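Take a look at the letters that make up each chain.
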Amino acid sequence: MTTGLRKGLTSYGDAGFSLFLRKAFIKAMGYSDDALDRPIIGITNTFSDYNPCHGNVPDLIESVKRGVMLAGGLPMVFPTISIGESFAHPTSMFLRNLMAMDTEEMINAQPMDSVVLIGGCDKTLPAQVMAAASADLPAVVLQTGPMVVGNHKGEVLGACTDCRRMWAQHRAGNIDLVEIETISGRLCPSVGTCSVMGTASTMACIVEALGLALPMSAAAPATLADRRRIAEASGKRAAEIAVAGTPKPSDLITAASIRNAMVVLQAIGGSTNGLIHLIAIAGRAGVSFDLDAFDQLGRDIPVLLNLKPSGAHYMEHLHHAGGLPALMRELTAFLDLDAPNISGGTLGDAIAAAESVPDQDVIRSFTSPLKPEGAMAILHGNLAPLGAVIKHSAASPHLMRHTGRAVVFDSIEDLTKRIDDPGLDVAPDDILVLRNAGPKGAPGMPEAGYLPIPMKLARQGVKDMVRISDARMSGTAFGTVVLHIAPEAAVGGPLAIVQNGDRILLDVDTRRLELLLDHSELQQRLAALKQSSPRRGIPQRGYSKLFEDCVLQADQGCDFDFLLRDGAPVTPKKDK
Ligand code: FES
């Protein structure tokens, strides 16, 4: 097997010349023959001035390089796309698959025996893991780590649950313009990923649960020495697996580890985005994803992690409470402890080494859970034939069974235009409906599912309403919000036929989401919908065209259809 610099030679029709030329050029960087004969460990560089969540990447790269060289390897850093959540237009999800393709192709195109993938902001870790699963080169994932918490008037603040809470207070007139500007300087006091259990933290936990990252790597803050030591250890391990040639991502991403990740996703009160990404990762690995099994786990496993937005604390507190291994110790009855880990041991080994921290309130036990059920439920019904999701751990208990009048917004633009109109016909018991905000409709399925409470209701003190859409929601958000309705309105899903004044039933206990119309009226509207042309609004060229043509629906992970491992649906279709 060819290794190191000899891997994947550029095609000049003469292999000897190709290697000679490659060496001649790389020696321009001052490398010795000794260095160039070593196993090569690629390291992704996702630093970007547009991505503060990756602000510590240069430091981490130095630590990874040190680890690689301590183990006798040659580190080679290479750039890939970086996606900073709030700097990506139209939405970061639109770019996730592009980053996955870029990362996969650069791993395949350049000579390396293993790779360290450094990422953190919401879409980067899933993109990198999707890429690693497809490239199937030995890989270690290194999270950038969460930022530390901030303070305002004696109150602990963290991005970005508190961003939303404070902004809602501002909208309601309780915080003035001067104070909200002050708060904007205190919500993100350091580089690193959001400090609550948002999508970045969820994915950091998922990659550790999958065994792709070292134990204790999920929650160590971005700015702590622990994070740099984890980076050094990741580099060292990457050099070892470069020589061994194993484990590969396909050894680690299996039906067992995907199920372990589902268990963790429910128990941490994870982001709904984490579900889409986990489905996409499973699809890249050729592992089927059972949404019903995920839902059932949610009934069996309570939320044990007391972190915002479901609970009270922040990621750094999870690290100090023993990290993910200590949480997984509470879940051993549900986990496959034999699942291998990138460290060379098993999940059981990682749990056995977990620290016990007395008198902490971050990781709860089964006897005193934060919430009686898991984070998420999968809904079905005539409004969501292929499913929808609700993060009921962060929703209002009194709205878990609710019937209300639909107030429909036809697009994100329509929502923006009318939501604060004083003349909007809306009452606290109504159900806000947003459509054409799914993978193809928006495009890119933006995090618009957390519809703001209409200004006139917010000012009356209304804090939550049932909101349903084919969009996504930030993992840092909270409220009674039904998301990912599939199929989406833009491809003819039933969400497209809802009219103002229709009645809708949400019943989380029975997992139903129903448009309360009689059957013949429903069929008539669906037949009329088929005659109309779908609503799309994106340019038909370049990456946008590829996205429009190939993106899958939310229940299939929103990957491109041609990137699945074996082309089969990730979540098998079942009649509901
Ligand atoms: Fe990057 Fe939250 S914005 S992790």
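Every value quoted in this text rests on a predicted model; they were computed, and no experiment measured them. (Residues numbered from 1 in each chain as written. Predicted model: local features only at pLDDT ≥ 70, side-chain atom pairs only at ≥ 80, totals over all residues. Heavy atoms only, no water.)

1. Structural notes on the overall build of the protein
- The number of helices and strands found in the protein is 20 helices and 14 strands.
- Rg of the C-alpha trace for the protein: 24 Å, near the compact-globule value of 25 Å for 576 residues, within the 12% margin.
- With respect to the three principal axes, the spread of C-alpha positions in the protein is 75 × 60 × 50 Å.
- The burial tally for the protein puts 59% of its 576 residues in the buried class.
- When contacts within the protein are restricted to residue pairs at least 6 apart in sequence, long-range pairs at least 24 apart make up 75% of them.
- When the accessible surface of the protein is summed, it comes to about 21,600 Å², and 54% of that surface belongs to carbon and sulfur atoms.
- Here the protein contributes 53 positive and 62 negative side-chain charges, whose respective centroids are spaced 2 Å apart. (Helix = DSSP H or I, 4+ residues; strand = E, 2+ residues; numbered from the N terminus. Rg over C-alpha atoms; globule rule 2.2 N^0.38 Å. Buried < 20%, exposed > 50% of the residue type's maximum accessible area, 1.4 Å probe, protein only. Contact = heavy atoms within 4.5 Å. Areas by Shrake-Rupley, 256 points an atom, 1.4 Å probe, with all protein chains shown as cover. Lys, Arg positive; Asp, Glu negative; His and termini not counted. Charge placed at Lys NZ, Arg CZ, Asp CG, Glu CD.)

2. Focus on the nonpolar core
- Counting residues in hydrophobic clusters, the biggest one holds 110 residues, and the most contacted among them are I118, I258, L275, L278, F289 and L305.
- Listed in part, the 28 residues of the second largest apolar core include L383, A384, V433 and V508. (Core = buried A, V, L, I, M, F, W, Y, C linked by side-chain atoms within 4.5 Å.)

3. Focus on the sheet that holds strand β2 (residues 74-79)
- Taken in spatial order, the four strands make up an open sheet running β2-β1-β3-β4, and their pairing is parallel. Each edge of the open sheet carries a strand with a single partner, namely β2 and β4 (139-143). On average, each strand axis in the sheet is tilted by 20 degrees relative to the strand beside it, whichever way the strands run.
- Its contacts with the sheet put helix α5 (residues 124-135) on β1 (40-45), β3 (114-119) and β4, and the angle it makes with β3 is roughly 165 degrees. (Pairing = 2+ DSSP bridges. Axes fitted to C-alpha atoms, helices over the stretch in contact; angles between N-to-C directions.)

4. Considering the pairing of β1
- Burial analysis of β1 places five of its six residues in the buried class, the great majority of the element.
- Alignment of β1 against β2, held across six bridges, turns out to be parallel. Within β2, the residue paired with N45 across the bridge is P79.
- In this fold, the crossover linking β1 to β2 by way of helix α3 (residues 57-70) has right-handed handedness.
- Pairing between β1 and β3: three bridges, direction parallel. By the bridge assignment for β3, I41 is matched with S114. (Right-handed = clockwise from strand over helix to strand, strands pointing away.)

5. A few points about the packing of helix α8 (residues 199-209) against helix α12 (residues 272-285)
- The contact between α8 and α12 brings their axes to 9 Å, and the two run at 40 degrees. As judged from the angle between their axes, α8 and α12 are oblique. Our pair here, α8 against α12, has a crossing hand that is right-handed. Of α12, the residues touching α8 (which contributes T199, T202, M203 and I206) are N273, G274, H277, L278 and I281.
- Of the residues in the contact of α8 with α12, the class split is four nonpolar, five polar and no charged. (Parallel < 35°, antiparallel > 145°, perpendicular 65-115°, else oblique. Left-handed = near helix turned anticlockwise from the far one by under 90°. Nonpolar A, V, L, I, M, F, W, Y, C, P; charged D, E, K, R; others polar.)

6. Remarks on the environment of K27
- Considering the arrangement of structural elements, one finds K27 in the loop between α1 (15-26) and α2 (33-36).
- When residues no more than four places from it in sequence are discounted, the contact partners of K27 are D33 and L36.
- In this structure the side chain of K27 is engaged in a polar contact, spanning 2.9 Å, whose partner is the side chain of D33. (Polar contact = N/O pair within 3.5 Å; in protein donor to acceptor, adjacent residues only side chain to side chain.)

7. Looking at the environment of M400
- Turning to its location among the elements, M400 is positioned in the loop between β8 (384-390) and β9 (401-409).
- Setting aside anything within four residues of it in sequence, one finds M400 in contact with I390, H392, A395, T480, L506, D507 and V508.

8. What to know about the state of the cysteines
- Summed over the entire model, instances satisfying the criterion amount to one disulfide.
- The partner cysteine of C160 in its disulfide is C163, sulfur to sulfur 2.2 Å. The sign of the -100 degrees torsion about the S-S bond sets the C160-C163 disulfide as left-handed.
- The exposure class of C160 is partly exposed, given its relative accessible area of 21%. (Disulfide = S-S within 2.5 Å.)

9. Quick notes on the environment of I118
- Mapping I118 onto the fold places it in strand β3.
- Overall, the relative accessible area of 0% leaves I118 in the buried class.
- In this structure, the C-alpha to C-alpha distance between I118 and H54, residues 64 residues apart in sequence, is 8.7 Å.
- When neighbours within four sequence positions are excluded, I118 is seen to be in contact with I43, T44, T46, H54, V57, L60, I61, V64, Q128, L142 and T144.

10. Section: the pattern of salt bridges
- Tallied over the entire structure, the rule returns 34 salt bridges.
- A salt bridge links E155 to R165; its shortest N-O distance comes to 2.6 Å. Of this pair, E155 sits in strand β6 (residues 155-157) while R165 sits in helix α6 (residues 161-171), and the two are ten residues apart along the sequence.
- Note on E155: relative accessible area 31%, which makes it partly exposed.
- The residue R171 makes a salt bridge to D420 at a minimum N-O spacing of 2.7 Å. (Salt bridge = Lys/Arg side-chain N within 4 Å of Asp/Glu carboxyl O.)

11. Structural notes on unusual backbone geometry
- Cis geometry is adopted by the peptide bond preceding P247, which originates at T246 and carries an omega value of 0 degrees.
- Going from A442 to P443, the amide bond is cis rather than trans, its omega being -5 degrees.
- Tracing the backbone through its elements, the reader meets P443 in the loop between β10 (431-434) and α18 (455-458).
- Here D136, not a glycine, exhibits a phi torsion of approximately 55 degrees, which is positive.
- Structurally, the position occupied by D136 is in the loop between α5 and β4.

12. Some thoughts on the side chain of S396
- Checked against the element boundaries, S396 lands in the loop between β8 and β9.
- Note on S396: relative accessible area 14%, which makes it buried.
- The contact partners of S396, leaving out residues within four places of it in the chain, are D464 and T480.

13. Some details on the side chain of N51
- Within the secondary structure, N51 is located in the loop between β1 and α3.
- Residue classification places N51 among the buried positions, given a relative accessible area of 1%.
- Looking at N51, its side chain comes within polar contact range of the side chain of S82, at 2.9 Å.
- Among the polar contacts listed, one links the side chain of N51 to the backbone oxygen of I83, at a separation of 3.3 Å.
- If near-sequence neighbours (up to four positions away) are discounted, N51 is found in contact with T46, S82, I83, G84 and C121.

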